[in-house]
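# Topology and contacts: notes
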Amino acid sequence: MDKRLALPLTLGLAHGAADGTAGLLLGGLAPRAPLTQVAMLVLLYNVLAFGAQPLAGLLTDQVRKPRAAALAGLALLAGALVAGGAWPQLAIVLAGLGSAAFHVGGGALALCATQGRASGPGLFAAPGVVGLAAGGALAAAGYRAAWLFLALLIILAGIIAWQRLPQLPYPAAAAHAPAATTPAAFEPHDIVMLVLLAAIALRSAVWSSLQFVSAGRYDLLLALALAAALGKILGGVLADWVGWRRWAVGALLAATTLLAFGNQNLVALLTGVALLQSATPVGLALAARLAPERPATAAGLTLGLAVAIGGLPQLGGFGAALSSPIGIAGTLLAAALAIWWAFSTYTRAPVLTNAHYPSARQL
């Protein structure tokens, strides 16, 4: 195995343990609190875990300590497990803050470990969805496996603290730096980033709609999670091989057909989910190119903000409409078009190139 993938692999396993912790805590709320309180706590977790990621990413890049952010996140999640028995509200707050910190710190390290490649982000992102589903299933089945996730968090935090850091793309502070100029309201890379985030949000909305349809069916949710994880791992590797744009657009178009018109067949559904999620590493990798000196911010925007926006249709009561064949097809076609435009604009605009990554010929 490429030595550069060792750190993303460890971070990915920690991602699974972190999201498994969240799933265990959230899944354990239902028997212990009124439904309205459970709904408010789940909403609070999502706001902290996803909505707070851009701010956590900005702060992490400001202090230039992505590993410290990742370890702090794991520590907060461990604290959430300890507090979960007596203080569930405190546990949810700690879990949300810990998840935000870990995602931006771990995501930044995975991006830096394999600069210019999507395989590292794929390894980091894949185990999270499996951990979340497994944690929720254990809680629903009545198993209090807090000790297991606590042990995993501690062991993996120790390994991450011991592993060698990749080269971080933070510029050295210049003693006599020229005065900063006021940037334009929207520069080319800003527009491309916005379109990329829109594509990720649209794809995330379809994923949320599939989970909405499968709610309560833990066997199906686990199968979907495994398919999603496999798609992320293979998607990162295959995108580096055939080209990011070709893979992302082609995978989304294929997923459109399978999920919109063949989702009553389990094989077609799982294949479609794998293809849908296989575009995740590409989105992370392109965001890192667009913000080369802010990897934690790039991770927070793609893993946090865009995913949070993608969940809004469910909160608005549009889950059933979005899960219809027309809803899935229209949403995924829009996502594929946005991805195509973002890559086309990136590769055509010399101003978007930077010294931190190799040329964009593989895109």
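Each remark here, short or long, concerns the structure printed above.
Residues numbered from 1 in each chain as written. Predicted model: local features only at pLDDT ≥ 70, side-chain atom pairs only at ≥ 80, totals over all residues. Heavy atoms only, no water.

Here the focus is the overall build of the chain. The secondary structure content of the chain amounts to 16 helices and 0 strands. The buried share among the 363 residues of the chain stands at 53%. The long-range fraction of contacts in the chain, counting pairs at least 24 apart against all pairs at least 6 apart in sequence, stands at 83%. When the accessible surface of the chain is totalled, it reaches about 16,000 Å², and 71% of it is carbon and sulfur. (Helix = DSSP H or I, 4+ residues; strand = E, 2+ residues; numbered from the N terminus. Buried < 20%, exposed > 50% of the residue type's maximum accessible area, 1.4 Å probe, protein only. Contact = heavy atoms within 4.5 Å. Areas by Shrake-Rupley, 256 points an atom, 1.4 Å probe, with all protein chains shown as cover.)

Moving on, we get to the packing of aromatic side chains. Tallied over the full model, the rule gives 1 aromatic pair. Ring geometry for Phe102 versus Phe124: centroids 5.9 Å apart, planes at 40°, classification tilted. Here Phe102, found in helix α5 (residues 88-113), pairs with Phe124, found in helix α6 (residues 119-140); they are 22 residues apart in sequence, far enough to count as distant. What makes Phe124 buried here is its relative accessible area of 1%. (Phe/Tyr/Trp six-rings, centres within 6.5 Å; stacked < 30°, edge-to-face > 60°.)

Turning next to the side chain of Ser99. Among the structural elements, Ser99 can be located in helix α5. Taking relative accessible area as the criterion, Ser99 reaches 4% and is therefore assigned buried. With residues up to four places along the chain from it excluded, the contact list for Ser99 reads Asp19, Tyr45, Ala49 and Leu77.

Turning our attention to the packing of helix α3 (residues 53-63) against helix α13 (residues 295-310). Two packed helices can be described by the angle between their axes and the distance between those axes. α13 packs onto α3 with a crossing angle of 170° between their chain directions and a minimal axis gap of 7 Å. Compared by their axis directions, α3 and α13 come out roughly antiparallel. On α13, the residues that touch Gln53, Pro54, Gly57, Leu58, Thr60 and Asp61 of α3 are Pro295, Ala296, Thr297, Ala299, Gly300, Leu301, Leu303, Gly304 and Leu305. Classifying every residue of the contact of α3 with α13 by side-chain character gives 8 nonpolar, 6 polar and 1 charged. (Axes fitted to C-alpha atoms, helices over the stretch in contact; angles between N-to-C directions. Parallel < 35°, antiparallel > 145°, perpendicular 65-115°, else oblique. Nonpolar A, V, L, I, M, F, W, Y, C, P; charged D, E, K, R; others polar.)

The next thing to look at is a nonpolar patch on the surface. A contiguous nonpolar surface patch, about 640 Å² in accessible area, is contributed by Met40, Leu43, Val47, Leu305, Ile309, Leu312 and Leu315. For the nonpolar patch, the elements supplying multiple residues, two or more each, are α2 (35-51), α13 and α14 (312-315). Tallying contributions element by element places α2 first for the nonpolar patch, with 3 residues. By the secondary structure assignment, Ile309 is in helix α13. Exposure remark for Ile309: the relative accessible area of 42% places this residue in the partly exposed category. (Patch = residues over 30% accessible without salt bridge, like charges linked within 9 Å, V, L, I, M, F, W, Y side chains within 5 Å. Salt bridge = Lys/Arg side-chain N within 4 Å of Asp/Glu carboxyl O.)

Interpretation note: all reported values are geometric properties and have no functional meaning in isolation.
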